[in-house]
Amino acid sequence: MATKDIVFIALFAAIIAALGLLPAIPVVGIPAPITAQTLGVMLAGSILGPKRGALAVLVFLVLVLAGLPLLAGGRGGVEHFIGNSGGFLVGWFFGAYVIGFILKNFISDSQVNIRAHFIIFIACFLGGICLVYLPGILWIARNTGSSIIDVYLGSLVFIPGDLVKAVIAMLVTVAVRRIYPIALK
Amino acid sequence: MTLESKNPVLDFSNVNLLRNDQPVLHDINLTASEHRIGIIGANGSGKSSFARLLNGLLTPTEGRAKVLGFDLADAVKDVRRNVGFVFQNPDNQIVYPIVSEDIELGLKGLNVPKDQRKAKVEEILARFGLLHLKDRSVHMLSGGEKQMIALSSVLVMQPQMIVFDEPTTLLDLRNRNAIASTIMALEQYVVLVTHDLELLSDFDRVLVFDEGRIAADDTPKAAISWYKKKMAV
Amino acid sequence: MVQKEDGGLMDLSFYLPGSSVLHRMPTWSKFFLLISFSIIFYAIEDLRILAVILVAAIALVVYVKVPVRRLKAMFLLPLFMVLLFSIFSAFVNDLNAGLLTFFRLTSLVIMAACVTVTTRIEDFMAFVENLLLPLSFIPFIKPKTVSLTLSLTLRFIPEIFKLGMDIKEAQAARGLNSNPLALIVPLIVLTLKRADDISDAIDARMLD
């Protein structure tokens, strides 16, 4: 792990934190403003790659665990991992890895054609949504003694908003690749 | 630390440097032992790359380069131990969130024991009248204060030579003057890369870089006037 | 790492100085107990025992002397979420399940918050580094690297936040404030571009 990798990891962890601290962004056509933090998690994987992206998310989570108010809205501490959002936080780590893994293996570093757009979106969907909701739902089901199906059905209402986020993540990834391509590691 | 060493402080012969497969420096030949050496040149002339050779951040692609008697080919660690580097943007140089922690970083690298580290940090800060900043968060400091902290974190390692890469470019006039007088008061060998030509008026020697070569090598007055003529539109 | 009163980001942590038993307990023991309780509480099906535990948790918060304003900031959202999920559970299963959920989760959330409030960041960082020591045979896990990475992150959070605010301002002036790309793309590019200089600066001073 070279010094530059460490720096990328730390800078992106700081980006995820900063995106949680900055006010939510109103987007035309969507009722609620978008908290960019979950975008940041997806982008860690899509821009830095599987290992560095996952580590960036891990560094961020460790700082939240330490009690720093870095979760969107100024929250932090062990209680957020124990409570119902714990599963999602853990899912972020695996999600970033999966997104990076897909991009690293299916498109080349500076590719920005239609196929690349499509693959990046699929990666963000699989890693940023499916792999985050999976542990998230399981954890809630366990915590509340509910059946997984019930929790799953309850969470469907959030999917449209998350799909929009995946699209935005894809667009951001393509834009960053055009301006400042980095090898995915 | 003596300023009259028998071996040249900088000893470069036929040095070429490629960065990202692009040639950046050609045929650099230089022997120097002056106390203060200035480096000027247009952007892209290779002066920043040359500066980074001096503390081993880069190593020659061809040729031999010795700094303070250490050969960059096999003694890079010794070079870094003895040559400090102050970057243009202190925000990229200071890496720990609290001032005292950042200054300690270099001491940790030198394996200075913990009890001595605190004393040395306080000593260097007191020297510049900055002791009150010891426990401050770095992001609360002004640009001038940050540059002084960056310099302190380098000086605390007691290098024999310090290389400055455009240290005053981002500073306002008052801070620029403060840094300038601090630099002139340093006992260490100084190599200063700058666009601020006035800083070099009391220097011993000035090199002008142009397209990767040393185009002029003279007293400050002569080199600067050569440079100004070349840069005239 | 030190927490100071001058307004740095570190001061926003939830740590409250004090001298309670919890403050003095070593960090690893607090986390160990927390994890153990998480497991134990889920094995308990008796509402009465859980109610007692909940009361004990509340007593703990009182003992640690968390000021009311802090309590609101820390607990309001998590407890609201707990309430929501308990109602969900009661609705989907039965009242008993709902109450079990409520008592368990609330107790755990309160205890977890007590741990947060009584643990200094630097102690937590040391705890993480010590945890990783037995793993240091894995090439990229070195305690010093971990310490540097965490500190580097803390160093840059306020900078990147400020950069974000500056970009927002600039984009608002151009009428682009409902475009997330206009904020996020420059934020990421400008930040990552600094990586070369920062890693040079680290290499110049970190000699081992």
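To keep things clear, this report deals only with the structure shown in the data block. (Residues numbered from 1 in each chain as written. Chains lettered and ligands numbered in written order. Predicted model: local features only at pLDDT ≥ 70, side-chain atom pairs only at ≥ 80, totals over all residues. Heavy atoms only, no water.)

1. Brief notes about the overall build of chain A
(1) Moving on: Along the backbone of chain A there are eight helices and zero strands.
(2) Moving on: When the elements of chain A are put in sequence order from the N terminus, they spell out α-α-α-α-α-α-α-α.
(3) Moving on: Its C-alpha radius of gyration of 16 Å places chain A within 12% of the 16 Å reference for a compact globule of 185 residues.
(4) Moving on: When the 185 residues of chain A are sorted by exposure, 58% land in the buried category.
(5) Moving on: Look at the contacts in chain A between residues 6 or more apart in sequence, and 72% of them connect residues 24 or more apart. (Helix = DSSP H or I, 4+ residues; strand = E, 2+ residues; numbered from the N terminus. Rg over C-alpha atoms; globule rule 2.2 N^0.38 Å. Buried < 20%, exposed > 50% of the residue type's maximum accessible area, 1.4 Å probe, protein only. Contact = heavy atoms within 4.5 Å.)

2. What about helix H7 (residues 143-173) of chain C?
(1) Moving on: When the terminal C-alpha atoms of H7(C) are compared, their 45 Å separation across 31 residues agrees well with the 45 Å that a helix rising 1.5 Å per residue should span.
(2) Moving on: Two residues or fewer past H7(C), C:Gly175 is found with a positive phi of approximately 75 degrees. (Expected span 1.5 Å × (residues − 1).)

3. Some thoughts on the interface of chain B and chain C
(1) Moving on: Every contact between the two is made by 32 residues of chain B and, on the other side, 28 residues of chain C.
(2) Moving on: Interface area for chain B against chain C, summed over the two sides, is near 2,700 Å², with a carbon-plus-sulfur share of 57%.
(3) Moving on: By the criterion of area lost to chain C, the three top residues of chain B are B:Asn92, B:Val95 and B:His139, representing 22% of everything that side buries.
(4) Moving on: Scanning the region where chain B abuts chain C turns up five salt bridges.
(5) Moving on: Here C:Asp197 makes a salt bridge to B:Arg52, at a shortest N to O gap of 3.8 Å.
(6) Moving on: At the junction of chain B and chain C, the tally comes to eight residue pairs in polar contact (both at pLDDT 80 or more). (Buried area = accessible area lost by both parts, 1.4 Å probe. Salt bridge = Lys/Arg side-chain N within 4 Å of Asp/Glu carboxyl O. Polar contact = N/O pair within 3.5 Å; in protein donor to acceptor, adjacent residues only side chain to side chain.)

4. A few points about the packing of helix H6 (residues 114-144) of chain A against helix H8 (residues 159-179) of chain A
Residue and element names in this part refer to chain A.
(1) Moving on: The interhelical angle for the contact between H6 and H8, taken along N-to-C directions, is 135 degrees, at an axis separation of 9 Å. With respect to their mutual orientation, H6 and H8 come out oblique. In this structure, H6 meets H8 at a crossing whose hand is right-handed. On H8, the residues touching His117, Ile120, Phe121, Cys124, Phe125, Ile129 and Tyr133 of H6 are Ile159, Asp162, Leu163, Ala166, Val167, Ala169, Met170, Thr173, Val174, Arg177 and Arg178.
(2) Moving on: Of the residues contributing to the contact of H6 with H8, the split by class is 13 nonpolar, two polar and three charged. (Axes fitted to C-alpha atoms, helices over the stretch in contact; angles between N-to-C directions. Parallel < 35°, antiparallel > 145°, perpendicular 65-115°, else oblique. Left-handed = near helix turned anticlockwise from the far one by under 90°. Nonpolar A, V, L, I, M, F, W, Y, C, P; charged D, E, K, R; others polar.)

5. Some remarks on the nonpolar core
(1) Moving on: Core analysis: the biggest nonpolar cluster contains 129 residues, and A:Phe12, A:Phe60, A:Trp92, C:Ile184, C:Ile188 and C:Leu192 have the highest contact counts within it.
(2) Moving on: A per-element tally of this core places helix H1 (residues 3-21) of chain A first, with 13 residues.
(3) Moving on: Two domains each donate at least three residues to this core, and these are domain 1 (7-120) and domain 2 (141-208) of chain C.
(4) Moving on: B:Leu133, B:Met148, B:Leu155 and C:Leu207 belong to the second-largest nonpolar core, a separate cluster that totals 41 residues. (Core = buried A, V, L, I, M, F, W, Y, C linked by side-chain atoms within 4.5 Å. Domains from an automatic or database assignment.)

6. Describing unusual backbone geometry
Residue and element names in this part refer to chain B.
(1) Moving on: The backbone of Asp21 shows a phi angle near 65 degrees, a positive value even though the residue is not glycine.
(2) Moving on: Along the chain, the position of Asp21 falls in the loop between strand S1 (10-19) and strand S2 (22-32).
(3) Moving on: On the accessibility criterion, Asp21 (70% relative accessible area) is exposed.
(4) Moving on: One non-glycine residue, Gln158, adopts positive backbone phi at about 50 degrees.
(5) Moving on: Tracing the chain through its elements places Gln158 in the loop between helix H6 (143-155) and strand S7 (161-165).

7. Here's the deal with the pattern of salt bridges
(1) Moving on: Counting across every chain of the model gives 27 salt bridges over all chains.
(2) Moving on: A salt bridge links B:Glu34 to B:Arg205, with the shortest nitrogen-to-oxygen separation between them at 3.3 Å. Placement of the pair is B:Glu34 in the loop between S2 and strand S3 (36-41) and B:Arg205 in strand S9 (residues 205-210), with a sequence separation of 171 residues.
(3) Moving on: B:Glu34 gets classed as partly exposed once you look at its relative accessible area, which sits at 26%.
(4) Moving on: With a shortest N-O distance of 3.1 Å, B:Asp102 and C:Arg205 are connected by a salt bridge. Within this pair, whereas B:Asp102 is found in helix H4 (residues 99-109), its partner C:Arg205 is found in helix H9 (residues 195-205), the two belonging to separate chains. A single burial state applies to B:Asp102 and to C:Arg205, both of which are buried.
(5) Moving on: Three or more residues joined by partner-sharing salt bridges are found here, namely B:Asp91, B:Lys146, C:Arg155, C:Glu159 and C:Arg194.

8. What to know about the interface of chain A and chain C
(1) Moving on: Tallying the contact residues gives 64 residues for chain A and 60 residues for chain C.
(2) Moving on: When the area that chain A buries against chain C is broken down by residue, the three leading residues are A:Leu11, A:Leu22 and A:Glu79, summing to 11%.
(3) Moving on: Note that A:Lys4 and C:Asp196 form a salt bridge whose closest N and O atoms lie 3.0 Å from each other.
(4) Moving on: Across the chain A-chain C interface, the total number found is five residue pairs in polar contact (both at pLDDT 80 or more).
(5) Moving on: At the level of secondary structure, the elements contributing two or more residues to the side of chain A that touches chain C comprise H1, helix H2 (37-48), helix H3 (50-65), helix H4 (79-82), H6, helix H7 (148-155) and H8 of chain A.
(6) Moving on: With 16 residues, H1(A) is the largest single contributor of residues to the side of chain A that touches chain C.
(7) Moving on: Classifying every residue of the side of chain A that touches chain C by side-chain character gives 47 nonpolar, twelve polar and five charged.

9. Looking at helix H5 (residues 114-127) of chain B
All names here are of chain B.
(1) Moving on: Taking 1.5 Å of rise per residue, 14 residues should cover 20 Å, and H5 covers 21 Å from first to last C-alpha, within 8% of that figure.
(2) Moving on: The set of residues buried in H5 consists of Arg117, Val121, Ile124 and Leu125. All buried residues of H5 project into a common sector of 100 degrees when viewed along the axis, lining one side. Facing away from the buried side of H5, by more than 90 degrees, are the exposed residues Asp115, Glu123 and Arg127. (Arc of directions from axis to C-beta.)

10. Overview of the sheet that holds S1(B)
(1) Moving on: Here four strands make up an open sheet; going across it, the order is S2-S1-S4-S5 (chain B) and the pairing antiparallel. Taken across any chain shown, the strands that pair with only one partner, and hence form the sheet edges, are S2 and strand S5 (70-71) of chain B. (Pairing = 2+ DSSP bridges.)

11. Structural notes on the pairing of S7(B)
Regular strands show a simple pattern: their side chains alternate between the two faces of the sheet.
All names here are of chain B.
(1) Moving on: Buried residues dominate S7, accounting for five of its five residues.
(2) Moving on: The pairing of strand S6 (residues 83-86) with S7 spans four bridges and is parallel. Residue pairing across strands places Phe85 opposite Val163, the latter belonging to S7.
(3) Moving on: As paired elements, S7 and strand S8 (residues 189-193) share five bridges and run parallel to each other. Residue pairing in the sheet places Val163 in a bridge with Val191 of S8.

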